[in-house]
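Structure assessment
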Amino acid sequence: MTARAEHVPVGLSPIALVVHKRRWYCDTPWCAQNSFTEQVAPIGDGARMSESLRDLVAVEIGDQLRPVAEVAATHRIGWQAAHAAFAGRADEVLGRPLEPVAVLGLDETRRGRPATGSRRMATGSLRPTLGTPG
Ligand SMILES: [Zn+2]
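Residues numbered from 1 in each chain as written. Predicted model: local features only at pLDDT ≥ 70, side-chain atom pairs only at ≥ 80, totals over all residues. Heavy atoms only, no water.

1. Thoughts on the nonpolar core
Nonpolar side chains in soluble globular proteins generally cluster together in the buried interior. Our working rule: Each nonpolar core is a collection of buried residues, namely Ala, Val, Leu, Ile, Met, Phe, Trp, Tyr and Cys, held together in the definition by side-chain atoms within 4.5 Å. Buried residues are those whose accessible area, probed at 1.4 Å on protein chains only, stays under 20% of the maximum for their type, while exposed residues exceed 50% and partly exposed ones sit between those limits. Per the convention used, a helix needs a DSSP run of H or I reaching at least four residues, while a strand needs a run of E reaching at least two, with both numbered from the N terminus. In this description, contact between two residues means that some pair of their heavy atoms is separated by no more than 4.5 Å.
Among the nonpolar cores identified, the biggest contains 10 residues, and these are M49, L53, V57, I61, V68, V71, A72, I77, A82 and A85. Mapped onto this core, the elements with two or more residues apiece are α1 (51-62), α2 (68-74) and α3 (79-94). Setting aside its immediate chain neighbours within four residues, I61 contacts R66, V68, V71, A82 and F86. A5, V40, I43 and A47 belong to the second largest nonpolar core, which has 5 residues in total.

2. Observations concerning α1
The condition that has to hold: A helix's residues, less one, multiplied by 1.5 Å, set its expected span. The directions from the helix axis to the C-beta atoms are what the arc is built from.
The terminal C-alpha atoms of α1 lie 16 Å apart, and with 12 residues this matches the ideal 16 Å at 1.5 Å per residue to within 8%. Taken residue by residue, α1 has L53, V57, A58, E60 and I61 as its buried positions. Around the axis of α1, the buried residues are gathered within 165° of arc, so they sit on the same side. Its buried side turned inward, α1 meets β1 (2-10), α2 and α3.

3. A word on unusual backbone geometry
The backbone phi angle of L65 is positive, close to 55°, even though this residue is not glycine. In the Ramachandran plot, R76 falls in the positive-phi region, its phi being about 60° despite a non-glycine side chain. Using a relative accessible area of 44% as the deciding quantity, one classes R76 as partly exposed.

4. Section: the coordination of the zinc ion
What counts here: Only N, O and S atoms count as donors, using a 2.8 Å cut-off from the metal and 3.2 Å for Na, K and Ca, and because water is excluded some sites may appear unfinished.
Donor atoms from the polypeptide that coordinate the zinc ion comprise C26 (SG) and C31 (SG), at 2.2 Å from the metal. Residue classification places C31 among the partly exposed positions, given a relative accessible area of 23%.

5. Brief notes about the packing of α1 against α3
For clarity, the cut-off: With axes taken as lines fitted to C-alpha atoms, and helix axes fitted only over the stretch in contact, angles between N-to-C directions fall between 0 and 180 degrees. Each angle receives one of four descriptions, namely roughly parallel if under 35 degrees, roughly antiparallel if over 145, roughly perpendicular if within 65 to 115, and oblique otherwise. In the scheme used here, Gly and all other residues not listed as nonpolar or charged are polar, with Ala, Val, Leu, Ile, Met, Phe, Trp, Tyr, Cys and Pro taken as nonpolar and Asp, Glu, Lys and Arg as charged.
Where α1 meets α3, the axes come as close as 8 Å, and the angle between the chain directions of the two elements is 80°. Looking at the two axes, α1 sits roughly perpendicular to α3. Together, R54, D55, V57, A58, V59, I61 and G62 of α1 and A82, A85, F86 and R89 of α3 make up the contact between the two elements. Across the contact of α1 with α3, the residue classes tally to 7 nonpolar, 1 polar and 3 charged.

Given below as structure tokens:
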């Protein structure tokens, strides 16, 4: 049996792994699994991409924020496969316990004495509110 999986590209050249797997047969009469295929580490059962490419796809989508469709097209894999690689990694990362807090503080950016009046959020300009009409 031949398994083919997309792999991490070298430069601009796409790479595919082609592995010839042996099929083994069991002649024990009461065996429920009569035959099975040899397992090959870099390519999971029925997988269309190598584990290395799965990691790369997850990083490109999750860390580099590239669109799923673009990453899928780049690596010649389906959208669903690219998304599954990302989602698998995300589940793994989100499942980890949080690091203990080292520094706790307020998100306060003002320096010096507080200004009188209110600051407009969009422009940052100061509008006096005390002692002036309107
Ligand atoms: Zn058996």
